[in-house]
Amino acid sequence: MPHTRNLRLSQLAPGSVQSEIRSMSLACDLAGGINLAQGICDTEVPAPVLAEAKAAMEDGRNIYTRLDGIQRLRNAIAADASRRHGVPVDANTQVLVTSGATGAFHATCMALLDPGDEVIVFEPFYGYHLGTLKSLRMQPVIVALEDGAGLATWELNVDALRKAVTPRTRAILINTPSNPAGKVFTRAELEAIGAVGEEHDLFLITDEIYEHFIYEGAEHISPISLPGLRERTIVMSGFSKTYSITGWRVGYLLADAKWIPSIGYFHDMTFICAPAPAQHGAAAGLEQLPPSFYTSLAADHLIKRDMLLAALRDAGLTPHTPQGAYYILAKTHGLNGANAAQKARDLLARTGVAAVAGSAFFRAGKGEDLLRFCYGKTYSALKEACDRIRSLR
Ligand SMILES: Cc1ncc(COP(=O)(O)O)c(C=O)c1O
């Protein structure tokens, strides 16, 4: 009699499929195409970041670090965050260096939430947020941002947010600037979310990984800077996008001192620490890069955004103009296929450009008429992609 009842996948595993973003990247590699699917960010690593990480490796700074990260990086993060958010941040008690914003979110959920707890997530959403919650047996509750007239805006509907709160709600997850919509939450929206958070005593977990990618008068505001929200706000951010080091895995989290030890404990269990040389590289970036580095980053990406918007318009794919991050959602007019995934493959076959099916960012049945394009690319790769997209016409 074979004994196979225990040799099985977990109950969650059958629902675990590779993200659409990763599978489009694989399809793109196979086709030798240009990858505008994944936010890989293959632009140059800033010189001090690269030099310091290399020096750290060569000097033997390759061993595990403290579980909350090296002092030098925590000091630099605290100084940077205090200056930008206008609130004091203590490097020793309110900062945790993490394995990217991804590690920060995983550890935050482990430390602050219980299985079955509900977390409000705005739609369109970043799939990893949902995936992480579900893998920890927490319940994402989705609230649609209003897709104004023809993708014009993604406004917060405060009534819908209020209605989504139940006795099991523990947190509201914010992503500003957002992936994929490029939405930058306004002060008024964040105050409204904060008010709901206070009313129902909820955590505000905010993913600000694109905080330096802000365009044309939009302003990045972190809920941590709003009066009265400090204790309930967990800010997650990092260096993947800002310093083009997505593969180095270094990010951070800011939180009230009473949450940090537990979040740090769970981060330690999964990751031990962010890679040591990468921590030194990130610290050098914060210490040495001038303010003009960050303004040029935004200015460069504004040019790239406008290049891609123009190409998408020329190809007849109606794009939404993002205020932040480096993604564009565009309508799939003229592409063949019954759903967004097929249309993305049609685009790849016809132009050699990979984009992600919009359905990856919405509940089932939505987003099938959208594709997401990433413009966090080098100028030459983006220009080639734009030429190819125009060839659709
Ligand atoms: C909204 C959002 N958060 C987090 C990440 C990943 O950040 P990290 O590399 O710091 O884990 C991404 C990457 O695409 C993202 O889009």
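Above this text is the structure in question.
Here's what I pulled together on the structure shown here. (Residues numbered from 1 in each chain as written. Predicted model: local features only at pLDDT ≥ 70, side-chain atom pairs only at ≥ 80, totals over all residues. Heavy atoms only, no water.)

Assigned secondary structure in the chain consists of twelve helices and 14 strands. In terms of C-alpha radius of gyration, the chain reaches 21 Å, essentially the compact-globule figure of 21 Å for 393 residues. Taken along its principal axes, the extent of the C-alpha atoms in the chain is 60 × 55 × 50 Å. When contacts within the chain are restricted to residue pairs at least 6 apart in sequence, those whose partners lie at least 24 apart make up 73%. As displayed, the chain has an accessible area near 16,400 Å², and 55% of this comes from carbon and sulfur atoms. Side-chain charges in the chain split into 38 positive and 40 negative, and the spacing between the mean points of these groups amounts to 5 Å. (Helix = DSSP H or I, 4+ residues; strand = E, 2+ residues; numbered from the N terminus. Rg over C-alpha atoms; globule rule 2.2 N^0.38 Å. Contact = heavy atoms within 4.5 Å. Areas by Shrake-Rupley, 256 points an atom, 1.4 Å probe, with all protein chains shown as cover. Lys, Arg positive; Asp, Glu negative; His and termini not counted. Charge placed at Lys NZ, Arg CZ, Asp CG, Glu CD.)

Two numbers describe how helix α2 (residues 47–58) lies on helix α9 (residues 276–288): the axes approach to 7 Å, and their chain directions differ by 145 degrees. Here α2 runs over α9; the crossing is right-handed. Contact with α2, carried on its side by Pro48, Val49, Glu52, Ala53, Ala56 and Met57, involves Pro277, His280, Gly281, Ala282, Ala284, Gly285 and Gln288 of α9 and no other residues of that element. Here the contact of α2 with α9 is composed, by residue class, of eight nonpolar, four polar and one charged. (Axes fitted to C-alpha atoms, helices over the stretch in contact; angles between N-to-C directions. Left-handed = near helix turned anticlockwise from the far one by under 90°. Nonpolar A, V, L, I, M, F, W, Y, C, P; charged D, E, K, R; others polar.)

Right, let's get into α2. With twelve residues, α2 extends 16 Å from end C-alpha to end C-alpha; this agrees with the ideal 16 Å at 1.5 Å per step. Buried within α2 are the following residues: Pro48, Val49, Glu52, Ala53 and Ala56. Taken end-on, α2 shows its buried residues confined to a sector of 125 degrees, consistent with a single buried face. Facing away from the buried surface of α2 by more than 90 degrees, the exposed residues are Ala47, Met57 and Glu58. Contact partners of the buried residues in α2: α3 (71–85) and α9. Just beyond α2, the residue with positive phi is Gly60, at close to 85 degrees. (Expected span 1.5 Å × (residues − 1). Buried < 20%, exposed > 50% of the residue type's maximum accessible area, 1.4 Å probe, protein only. Arc of directions from axis to C-beta.)

Attention shifts here to the pattern of salt bridges. Summed over the entire model, instances satisfying the criterion amount to 25 salt bridges. A salt bridge links Lys366 to Glu123; its shortest N-O distance comes to 2.5 Å. Of the two residues, Lys366 is situated in the loop between β13 (356–357) and β14 (370–374) and Glu123 in strand β3 (residues 118–123); the sequence distance between them amounts to 243 residues. You can call Glu123 buried: its relative accessible area is 1%. Of the charged contacts, one joins Arg388 and Glu384 as a salt bridge, the two residues approaching to 2.8 Å between their closest N and O atoms. Taken as a pair, Arg388 and Glu384 lie in helix α12 (residues 379–390) at a separation of four residues, close to a single helical turn. Where salt bridges share partners, they join Glu52, Asp59, Arg61, Arg72 and Glu287 into one cluster. (Salt bridge = Lys/Arg side-chain N within 4 Å of Asp/Glu carboxyl O.)

Just distances and angles here, no functional claims.
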